[in-house]
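Residue-level listing of the chains:
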Amino acid sequence: MKIVITGGTGLVGRYLSICFKSDEVVVLSRKDCDITVFESVRKLFYRIMPDVVVHLAAFTDVDLSEKDPVSAFKVNVSGTNNVALVCKKIDAYIVYVSTDFVFDGKKKMPYSEKDIPEPISIYGKTKFEGERVIANNCKKYCIVRTSRVFGRDGNNFASNLPKRLLQRERMYVTTDLITSPTYAKDLAEGLLRIMEARFCGILHFSNSGHCSWYDFASCVCRYLGLKKDLLVPLSIKDFPQSIAERPPFSALDTSFFTENFYRPRSWQQALEEYLEEEFSQKI
Ligand SMILES: NC(=O)c1ccc[n+]([C@@H]2O[C@H](COP(=O)([O-])OP(=O)(O)OC[C@H]3O[C@@H](n4cnc5c(N)ncnc54)[C@H](OP(=O)(O)O)[C@@H]3O)[C@@H](O)[C@H]2O)c1
């Protein structure tokens, strides 16, 4: 079996790529294949002829997407369209990783696969458009929505939080943005199972449970033995750096994944393992 991972050098891609033997997986960075250039995708995919494509490449900066919607659209919609068209031609099964940000966050209960997306940010809109492009073009596809992914060297708030707290940085953390944290290692395992089963349709995957950023950061402090007074709780409306509107409650209901595969462990267990693996020597 030949597998291609687009965005393979990103946070999720790095965890996923080590799940395979090196001769069955081709890990693509933007340098290897810029997905916004159709010919680049076509030539490379025809050379490799993958059975499975895990499409992770994306413009993932939520705030920058508001400032530069053209670039977000180019990668997340046009780029995804290029990948989808070539997958259809070569009859490859595609797994597209999407986001809880496709929802508006007004539901107050975890979102299931049956809920209708209503994105409120440019990032959410482009990822939802990407979902439609996949569903409209590909016969064999799975759309996997996930949320608040953290892991080693991740270039996002959740991943950097422990390092910054260990440097005793005082941090503003919101109390009113709730979702389901997901350890990239657990997501990689979930994606692997989905691929092995060639599951088709839409699935939500995250670690079990949900929390605010303040709860998440409090847990980090507790596991690392740090004082919680490093944390400054505040509402999203007072958050200094936020540009994009974010869904207030976008926890994912993972019962459909659980019915078909297994129950993901809790976000607290996953976070504890991540902190143990990455930061235990630095405390
Ligand atoms: N992280 C989260 O919290 C989260 C939550 C929900 C959903 N997701 C989704 O999960 C997927 C993986 O996220 P991630 O956190 O691993 O992202 P990431 O760390 O930001 O990595 C993004 C990857 O996309 C590549 N990329 C960007 N533009 C590209 C282009 N034009 N052509 C080819 N590759 C390009 C990047 O390559 P370069 O490094 O070379 O630029 C990088 O490898 C994304 O689709 C994202 O929307 C993530």
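The rules behind these values
- Residues numbered from 1 in each chain as written.
- Predicted model: local features only at pLDDT ≥ 70, side-chain atom pairs only at ≥ 80, totals over all residues.
- Heavy atoms only, no water.
- Pairing = 2+ DSSP bridges.
- Helix = DSSP H or I, 4+ residues; strand = E, 2+ residues; numbered from the N terminus.
- Axes fitted to C-alpha atoms, helices over the stretch in contact; angles between N-to-C directions.
- Parallel < 35°, antiparallel > 145°, perpendicular 65-115°, else oblique.
- Left-handed = near helix turned anticlockwise from the far one by under 90°.
- Contact = heavy atoms within 4.5 Å.
- Nonpolar A, V, L, I, M, F, W, Y, C, P; charged D, E, K, R; others polar.
- Near = heavy atom within 4 Å.
- Polar contact = N/O pair within 3.5 Å; in protein donor to acceptor, adjacent residues only side chain to side chain.
- Buried < 20%, exposed > 50% of the residue type's maximum accessible area, 1.4 Å probe, protein only.
- Disulfide = S-S within 2.5 Å.
- Expected span 1.5 Å × (residues − 1).
- Salt bridge = Lys/Arg side-chain N within 4 Å of Asp/Glu carboxyl O.
- Phe/Tyr/Trp six-rings, centres within 6.5 Å; stacked < 30°, edge-to-face > 60°.

A. Structural context of the sheet that holds strand S2 (residues 25–27). With respect to topology, six strands assemble into an open sheet ordered S2-S1-S3-S4-S5-S10, the strand pairing being parallel. Each of the sheet's edge strands pairs with one partner strand only, and the pair in question is S2 and strand S10 (201–204). Across this sheet, the average inter-strand angle for adjacent strands is 20°, counted without regard to direction.

B. Geometry of the packing of helix H6 (residues 157–166) against helix H8 (residues 213–224). As a packed pair, H6 and H8 sit with axes 10 Å apart at the nearest point and diverge in direction by 45°. Comparing their axes, H8 and H6 come out oblique. As H6 runs across H8, the sense of the crossing is right-handed. Contacts between H6 and H8 involve Phe-157, Ala-158, Leu-161, Pro-162, Leu-165 and Leu-166 from the former and Trp-213, Phe-216, Ala-217, Val-220, Cys-221 and Leu-224 from the latter. Partitioning the contact of H6 with H8 into residue classes produces twelve nonpolar, no polar and no charged.

C. Fine view of the site of the ligand. Contacts to the ligand come from 24 residues, most closely from Val-12, Arg-30, Thr-60, Tyr-123 and Lys-127. Side-chain polar atom of Asp-34 to a nitrogen atom of the ligand: 3.0 Å apart, as the coordinates give it. A distance of 2.7 Å separates an oxygen atom of the ligand from a polar atom in the side chain of Thr-60. Breaking the shell around the ligand down by element, the ones donating at least two residues are helix H1 (11–17), strand S4 (93–99) and helix H5 (122–137). Across the shell around the ligand, the residue classes tally to eleven nonpolar, nine polar and four charged.

D. Region of interest: the side chain of Asn-207. Mapped onto the elements of the fold, Asn-207 is located in the loop between S10 and strand S11 (211–212). Classification of Asn-207 by relative accessible area gives buried; the value is 1%. Of the polar contacts made by the side chain of Asn-207, one reaches the backbone nitrogen of Tyr-183; its length is 2.8 Å. Apart from residues no more than four positions distant in its own chain, Asn-207 is found in contact with Ser-180, Pro-181, Thr-182, Tyr-183, Asp-186, Pro-264, Arg-265, Ser-266, Trp-267 and Ala-270.

E. Highlighting the state of the cysteines. Applying the stated rule across the entire model yields zero disulfides. In this structure Cys-19 is a free cysteine whose sulfur lies 16 Å from that of Cys-142, the closest cysteine sulfur available. This cysteine, Cys-138, is not joined by any disulfide, and Cys-87 carries the nearest cysteine sulfur, 5.7 Å off. Judged by relative accessible area, which is 7%, Cys-138 ranks as buried.

F. How the structure looks around helix H4 (residues 69–90). Compared with an ideal rise of 1.5 Å per residue, which puts 22 residues at 32 Å, H4 spans 31 Å between its outermost C-alpha atoms and is within 8% of the ideal. Inspection of H4 places Ala-72, Val-75, Asn-76, Val-77, Gly-79, Thr-80, Asn-82, Val-83, Ala-84, Val-86, Cys-87 and Ile-90 among the buried residues, and these make up the whole buried set.

G. Quick peek at the pattern of salt bridges. Per the counting criterion, the structure on display carries twelve salt bridges. In this structure, the salt-bridge partner of Glu-129 is Arg-132, at a minimum N-O distance of 3.0 Å. Of this pair, Glu-129 and Arg-132 both sit in helix H5, separated by three residues, roughly a single helical turn. For Arg-132, a relative accessible area of 41% puts it in the partly exposed group. Here Arg-164 makes a salt bridge to Glu-169, at a shortest N to O gap of 2.7 Å. We classify Arg-164 as partly exposed; its relative accessible area is 28%. Taken together, the shared-partner salt bridges connect Lys-185, Asp-186, Arg-265, Glu-273 and Glu-277 into one network.

H. View of the packing of aromatic side chains. Taken as a whole and assessed by the stated rule, the structure comprises 16 aromatic pairs. With a centroid separation of 6.1 Å and an interplanar angle of 75°, the aromatic rings of Phe-101 and Tyr-123 are classed as edge-to-face. Within this pair, whereas Phe-101 is found in the loop between S4 and H5, its partner Tyr-123 is found in helix H5, the two being separated by 22 residues in sequence. Between Phe-157 and Trp-213 the ring centres are 5.0 Å apart and the planes differ by 80°, which places this aromatic pair in the edge-to-face class. Note that Phe-157 is positioned in helix H6 and Trp-213 in helix H8, a separation of 56 residues in sequence. For Phe-157, a relative accessible area of 26% puts it in the partly exposed group. Members of the aromatic cluster, connected to one another through ring pairs, are Tyr-15, Phe-150, Phe-157, Tyr-183, Trp-213, Phe-216, Trp-267, Tyr-274 and Phe-279.

I. Just the packing of helix H2 (residues 38–48) against H4, in detail. Here H2 crosses H4 at 30°, and the two axes come no closer than 9 Å. For the pair H2 and H4, the crossing hand works out as right-handed. Contacts between H2 and H4 involve Phe-38, Val-41, Arg-42, Phe-45 and Tyr-46 from the first element and Asn-82, Val-83, Leu-85, Val-86, Cys-87, Lys-89 and Ile-90 from the second. For the contact of H2 with H4, a count of residues per class yields nine nonpolar, one polar and two charged.

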